[in-house]
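Results of the structural survey
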Amino acid sequence: MLRAATRGSALARWQTAHIAELLGSAASVQPILVTTAGDQLADEPISAIGGKGVFVKEVQAAVLDGRADIAVHSAKDLPAATPDGLVIAAVPLRADPRDALVGCRLADLPEGALVATGSARRRVQLREIRPDLRFAELRGNIGTRLAKAAHYDAVVIAQAALERLGEHPPVVDVLDCETMVPQVGQGALAVECREDDHKVRALLAAIEDSTTRRVVDAERAFLATLGGDCTLPAGAHAHIQGSTLAMRAVLADGPDGRCHTAVGEGEDGEALGQRLARQLLDTVAW
C-alpha cells in the first residue's frame, strides 16, 4: 500500500487516481488528503500569498514526516528547488501542455474584452497580442473557474485540466505554444518520495516517461536559473525535435511589462534551459 499525499480538489484526486492506474498491480494507492495554504486562501492572488509553493509545501511535509509515502503534484505547481530529503521519482507521460480560452475564441474577443486569469504569465502574453484587453483576477479549482466564466468575456484554463476532468465548455480556443508559452511543467505530473526510500523509488521508476522527464527537467532548469516560481511572468515549453531538444521561453519586464521571447535547441536540455534563462535575464529591464 502506497499512501499518496494529495490536495482535495477534483483535479488532484484525478491525478492521484491516474498514478494508481499507472502503477496497476505493482502497488495499491491510498489517498491522503492535505489542505494547502493555496486552498485555504483561494481568493487571494498567488503572488500575495507566497508563490507556487503554497500549493505543495503541506503535501511535501506529509511525505517528509512519514504520514505519506509519495506526493502527487501537477508539475507546474512545483517550485524550482526540491526540498532536502525528497526526490522527483517519476514524471509520467505528459498531457496537453497548452492553455485554452474558455467562453470566447481569441480572434472573436471584442475590443476591451475582460479576460479572467490569476496568472501573470498569461496576462503579459495576451497583452502582447491584444493590448486592448482588460484582466480580472480569478483563482480557485477548475469547477469554480468554469462556474464564473459567464461573468467575463473569457477565462484561461489549462487544456489538460479540462481533458482530465471531462469538461467540454461550449466555446474553447486552445492556444498553440507559440501564441501562449505554457507554464513550466504544464500538463505533466510529478511524483515525489523520500530520497532514501529506495523501494518506493523503484516502484515509481516503472511509470516514468523518459521523453517527458527530459523536457520537464529542461523547463525546470530554466525556472531554477531565473530563481523564481509561478509569480514570475515567465514560461517555457520544450519538445523533442529530431535528435535534439527545442525550447521556447518567455519572460516579461514585470506583471504589466513587455514580454521577451528566447528560442533555442540543444542536446543537453538542462543546459539549454539555463542558457535561455540567462539570455532573457540579460534582456529584461527589471
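Okay, so let's go over this structure. (Residues numbered from 1 in each chain as written. Predicted model: local features only at pLDDT ≥ 70, side-chain atom pairs only at ≥ 80, totals over all residues. Heavy atoms only, no water.)

Examined against the element boundaries, serine 74 turns out to sit in strand 3 (residues 70-74). Judged by relative accessible area, which is 12%, serine 74 ranks as buried. Side chain to side chain, serine 74 and glutamine 15 meet in a polar contact 2.7 Å long. When neighbours within four sequence positions are excluded, serine 74 is seen to be in contact with Gln15, Ala188 and Leu189. (Helix = DSSP H or I, 4+ residues; strand = E, 2+ residues; numbered from the N terminus. Buried < 20%, exposed > 50% of the residue type's maximum accessible area, 1.4 Å probe, protein only. Polar contact = N/O pair within 3.5 Å; in protein donor to acceptor, adjacent residues only side chain to side chain. Contact = heavy atoms within 4.5 Å.)

We now examine empty space enclosed by the protein. Under the definition given, this model contains 1 cavity of 30 Å³ or more. Empty space within the largest cavity amounts to approximately 50 Å³. Together, Ala75, Leu78, Ile88, Val91, Ala190, Arg213, Val216, Asp217 and Arg220 line the largest cavity. Among the elements that take part in the lining of the largest cavity, helix 8 (residues 210-226) stands out by supplying 4 residues, more than any other. Counted by class, the lining of the largest cavity contains 6 nonpolar, no polar and 3 charged residues. (1 Å grid on protein atoms, 1.4 Å probe; cavity = no way out; pocket = protein on both sides within 12 Å on 5 of 7 lines; lining within 4 Å. Points joined across faces, edges and corners; volume = space filled by probe spheres on them. Nonpolar A, V, L, I, M, F, W, Y, C, P; charged D, E, K, R; others polar.)

Right, let's talk about the sheet that holds strand 11 (residues 234-241) for a bit. Strand order in the open sheet formed by 3 strands is 11-12-13, and the pairing between neighbours is antiparallel. Two strands in the sheet have a free side with no partner beyond their single neighbour: strand 11 and strand 13 (259-266). The mean angle between the axes of side-by-side strands here comes to 15°, regardless of whether they run parallel or antiparallel. Pairing of strand 12 (residues 244-252) with strand 13, which is carried by 8 bridges, proceeds in the antiparallel orientation. Considered in strand 13, the bridge of alanine 252 is made with cysteine 259. Contacts from helix 8 reach strand 11, strand 12 and strand 13 within the one sheet, and its direction differs from that of strand 11 by about 150°. The strands touched by helix 9 (residues 269-283) are strand 12 and strand 13; relative to strand 13, the strand with the most contacts, the crossing angle is about 150°. (Pairing = 2+ DSSP bridges. Axes fitted to C-alpha atoms, helices over the stretch in contact; angles between N-to-C directions.)

Moving on to the environment of leucine 232. Summarising the element assignment, leucine 232 is placed in the loop between helix 8 and strand 11. Note on leucine 232: relative accessible area 16%, which makes it buried. Taking the C-alpha atoms as reference points, leucine 232 and aspartate 253, separated by 21 residues in sequence, lie 9.6 Å from one another.

Next up on the list: the pattern of salt bridges. Per the counting criterion, the structure on display carries 17 salt bridges. Across the pair aspartate 77 and lysine 76 runs a salt bridge whose closest N-O atoms are separated by 3.6 Å. With relative accessibility at 12%, the residue aspartate 77 sits in the buried group. We classify lysine 76 as partly exposed; its relative accessible area is 27%. The closest approach of N and O atoms between glutamate 219 and arginine 94, which form a salt bridge, is 3.0 Å. Here glutamate 219 is found in helix 8, whereas its partner arginine 94 is found in the loop between strand 4 (86-90) and strand 5 (99-102), with 125 residues between them in sequence. (Salt bridge = Lys/Arg side-chain N within 4 Å of Asp/Glu carboxyl O.)

Moving on, we get to the layout of surface pockets. To locate leftover empty space, one rolls a probe as large as a water molecule over the atoms. The volume enclosed by the second largest pocket comes to roughly 180 Å³. Contributing to the lining of the second largest pocket are Cys177, Glu178, His237, His239, Gln241, Ala246, Met247, Arg248, Val263, Gly264 and Glu265. Of all the elements in the fold, those that place two or more residues in the lining of the second largest pocket are strand 11, strand 12 and strand 13. For the lining of the second largest pocket, the per-class residue count stands at 4 nonpolar, 4 polar and 3 charged.

A word on the state of the cysteines. Two cysteines, two sulfur atoms, one covalent bond between them: this is a disulfide. On inspection of all chains with the given rule, the structure shows 0 disulfides. No disulfide involves cysteine 259; its nearest neighbouring cysteine sulfur is the one of cysteine 177, lying 14 Å away. (Disulfide = S-S within 2.5 Å.)

Attention shifts here to the sheet that holds strand 9 (residues 172-175). The strand order across the open sheet formed by 5 strands is 7-6-8-5-9, and the pairing between neighbours is mixed. Each of the sheet's edge strands pairs with one partner strand only, and the pair in question is strand 7 (134-136) and strand 9. When strand polarity is set aside, the average angle formed by the axes of neighbouring strands in this sheet is 30°. Two strands pair when backbone bridges link them, and strand 6 (residues 114-116) and strand 7 are joined in this way by 3 bridges, in the parallel orientation. Paired with leucine 114 across the two strands is arginine 134, which belongs to strand 7. With respect to the sheet, helix 4 (residues 120-129) is in contact with strand 5, strand 6, strand 7 and strand 8 (154-158), its orientation differing from that of strand 8 by roughly 125°.

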